[in-house]
Amino acid sequence: MIYSITEIESRYQETDQMGVIYHGNYPTWFEVARTDYISKLGFSYKEMEDSGVISPVTDIEIKYIKSITYPEKVKIKTWVEKYTRLRSKYRYEIYNEAGELATTGSTVLTCITKSDFKPVRLDKAFPDWHNTYQSIEGRNKAGESLEI
């Protein structure tokens, strides 16, 4: 798979009364890692939004395996698991400071117009982005493993 690694320092304000990272913070960590992945590929949500297209999360899945506590640093491995012209499914693995798998998850995002929320095909609106994701999907299917 073609993936990126994003390091995040947990913050005290993210903990619950038990001293572990509150479960509601994981979608934010996914977003930070996904944005980093996209940036490392040479693309930008800001440029997409400036052109009138937004990309909301339409599905999210999270599996908690081990607790993460403050002040641990985590590493998030992110990759595109599935791509179509209308949707991208990103997969995440969060590793604790000891290098143990602590959380897994995925998000599905769809491109839509900001003005009327109609679907937008990535190949039509952002051909470079589409070509890159199509290439990544092919490389993933071929079993290639590469950190970007």
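Residues numbered from 1 in each chain as written. Predicted model: local features only at pLDDT ≥ 70, side-chain atom pairs only at ≥ 80, totals over all residues. Heavy atoms only, no water.

Asks: Just checking my understanding: could you explain the environment of Ile148 for this structure?
Replies: Within the secondary structure, Ile148 is located in the segment after β8 (146-147). Classification of Ile148 by relative accessible area gives partly exposed; the value is 29%. Along the primary structure Ile148 and Arg121 are separated by 27 residues, whereas in three dimensions their C-alpha atoms are 25 Å apart. What Ile148 contacts, discounting residues up to four positions off in sequence, is Ile2, Tyr3, Ser4, Tyr37, Lys40 and Leu41. (Helix = DSSP H or I, 4+ residues; strand = E, 2+ residues; numbered from the N terminus. Buried < 20%, exposed > 50% of the residue type's maximum accessible area, 1.4 Å probe, protein only. Contact = heavy atoms within 4.5 Å.)

Asks: What should I look at first to understand helix α4 (residues 127-141) in this one?
Replies: Every α-helix carries 3.6 residues per turn, so stepping three or four residues along brings you back to the same face. The end-to-end C-alpha separation of α4 is 21 Å, in line with the 21 Å expected for 15 residues at 1.5 Å each. Close packing links the buried residues of α4 with β1 (2-9), α1 (26-40), α2 (45-50), β4 (73-83), β5 (87-95) and α3 (122-125). Directly after α4, the chain includes Gly143, whose backbone phi takes a positive value near 85°. (Expected span 1.5 Å × (residues − 1).)

Asks: For this particular structure, what's the right way to read the sheet that holds β8?
Replies: Two strands in a sheet stick together by hydrogen bonds in their backbones, pointing the same way (parallel) or opposite ways (antiparallel). The strand order across the open sheet built from 6 strands is β3-β6-β5-β4-β1-β8, with neighbouring strands paired in mixed fashion. Two strands close off the open sheet at either side, each with one partner strand: β3 (57-64) and β8. Pairing geometry for β4 and β5, over 8 bridges, is antiparallel. Opposite Val80, over in β5, you have Tyr90 as the bridge partner. Of the strands in this sheet, β1, β3, β4, β5 and β6 (101-110) are in contact with α1, which crosses β1 at around 130°. (Pairing = 2+ DSSP bridges. Axes fitted to C-alpha atoms, helices over the stretch in contact; angles between N-to-C directions.)

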